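# A look at the structure
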Amino acid sequence: MRPSSVHYFDDAADLARALARELGASARPITVHRFPDGESRVRVVPGSGRSAVMIRRLDDPNPKLFELLLAADALRQSGVRQIALIAPYLPYMRQDRSFEPGESVSQRVLADLLGRVVDRVVTLEPHLHRIHDLAEVFACPTIAIPAAPLLAAWCRGRGSRTLIVGPDEESAPWTRAVADRAGLPFVVGRKQRVGDRKVRVTLPGLPPVDRAVLIDDIASTGQTLAAAARELKRAGIRQIDAAVVHAIFAKGAAATLRRAGVRRIVSCDSVVHPTNAIATAKALASAIRGPASRPPRRSER
Ligand code: R5P
């Protein structure tokens, strides 16, 4: 795709400008006016071409999603034929089935919604568990950029006696990918979630190392990483850092990690957070230029 403009909400101005520079496109703000009754009016600045990128960071997704629909409509009205949505953090991916009777499958609902209004969805390391490709749920082409190369580049700088630690079985494939790329040893723990804010993590025997970097795709309450950090401390590791992809960080999460002994926390800039240290603009730009993963034809579903 060769978009001529990158349209951004104010939560992604920095990323949009960097991306526009990478793509040789213009960066154009999407302004939002909130009426006293809570409704939003969205206004785009039309670009010159027929294909455009729209970018929004979708943490705190509920109020942001409807404005995204309005902006997609405004871009269509202005003559844009092809819209690629960049949502560096794709929300609602964890509820990929109905866990209790009466619950919706939020992942499918979000995929249906976005697939109706944009032509392509680009994101970074979506949390996929029981499905392996976004194409299994999205009706439009998708690109899921792997975060392992980005995290590996940061981990490589930590020194050779560094252990990469994935806190749970779900993190195993990409813990291995980070460790392999960084040329470092790794272990993966086992997690038991006891509640929204309580988890237990057990780790296997550890090789002799000087430090550990805990990695995870999402840090929300911070409890998963904190539980793993406590286990590392118990095993005698004194220097513990954490590198996460999406720093959702609910209130108090960073403090929870520090109390558990995590010294330094870094994250990708998919969600704005003081821990942002890993830039994603180049990876997003090359995903926009490249081919997308197409959904299977209806007969194959
Ligand atoms: C879960 O399966 C994810 O990979 C993360 O481990 C989880 O979302 C982290 O949540 P929290 O920070 O609340 O423990």
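One can find the structure itself at the top, above this paragraph.
Read on for an overview of the structure. (Residues numbered from 1 in each chain as written. Predicted model: local features only at pLDDT ≥ 70, side-chain atom pairs only at ≥ 80, totals over all residues. Heavy atoms only, no water.)

With that settled, the discussion passes to the sheet that holds strand E15 (residues 276-278). What the six strands build is an open sheet, ordered E9-E8-E12-E13-E14-E15; its pairing is parallel. Looking at which strands have only one partner, the edges of the open sheet turn out to be strand E9 (186-188) and E15. The mean angle between the axes of side-by-side strands here comes to 30 degrees, regardless of whether they run parallel or antiparallel. In this sheet, strand E12 (residues 211-219) lies alongside strand E8 (residues 162-166) in parallel orientation, the contact comprising four bridges. Of the residues in E12, the one forming a bridge with valine 165 is leucine 214. Each of E8, E12, strand E13 (239-247), strand E14 (264-268) and E15 touches helix H4 (residues 148-156); the most contacted strand, E13, lies at about 160 degrees to it. (Pairing = 2+ DSSP bridges. Helix = DSSP H or I, 4+ residues; strand = E, 2+ residues; numbered from the N terminus. Axes fitted to C-alpha atoms, helices over the stretch in contact; angles between N-to-C directions. Contact = heavy atoms within 4.5 Å.)

A few words now on the state of the cysteines. Taken as a whole and judged by the stated rule, the model has zero disulfides. Among the cysteines around cysteine 155, which has no disulfide bond, cysteine 268 carries the closest sulfur, lying 10 Å off. According to the relative accessible area criterion, cysteine 155 is buried, its value standing at 0%. Overall, the relative accessible area of 0% leaves cysteine 268 in the buried class. (Disulfide = S-S within 2.5 Å. Buried < 20%, exposed > 50% of the residue type's maximum accessible area, 1.4 Å probe, protein only.)

Let's shift gears to the pairing of strand E2 (residues 26-34). As defined by bridge partners, strand E1 (residues 5-8) adjoins E2 across four bridges and the pair is classed as parallel. Paired with tyrosine 8 across the strands is proline 29, a residue of E2. Pairing between E2 and strand E3 (residues 40-44): five bridges, direction antiparallel. Each residue of the ladder has a partner; that of histidine 33, found in E3, is arginine 41. Where E2 folds back onto E3 in an antiparallel hairpin, the turn is made up of five residues, including glycine 38, whose phi is positive at roughly 95 degrees.

Moving on to the site of the ligand. Around the ligand lies a shell of 15 residues, among which Asp216, Asp217, Ser220, Thr221 and Thr224 are the nearest. Interatomic distance of 2.5 Å between a side-chain N/O atom of threonine 224 and an oxygen atom of the ligand. Considered on its own, the ligand offers 380 Å² of accessible surface; in the complex 93% of this is hidden by protein. The set of elements that each furnish at least two residues to the shell around the ligand consists of strand E10 (190-195), E12 and helix H6 (223-234). Top contributing element to the shell around the ligand by residue count: E12, with four residues. When its residues are assigned to classes, the shell around the ligand shows two nonpolar, six polar and seven charged. (Near = heavy atom within 4 Å. Polar contact = N/O pair within 3.5 Å; in protein donor to acceptor, adjacent residues only side chain to side chain. Areas by Shrake-Rupley, 256 points an atom, 1.4 Å probe, with all protein chains shown as cover. Nonpolar A, V, L, I, M, F, W, Y, C, P; charged D, E, K, R; others polar.)

The quantities given are spatial measurements derived from coordinates; they are silent on function.
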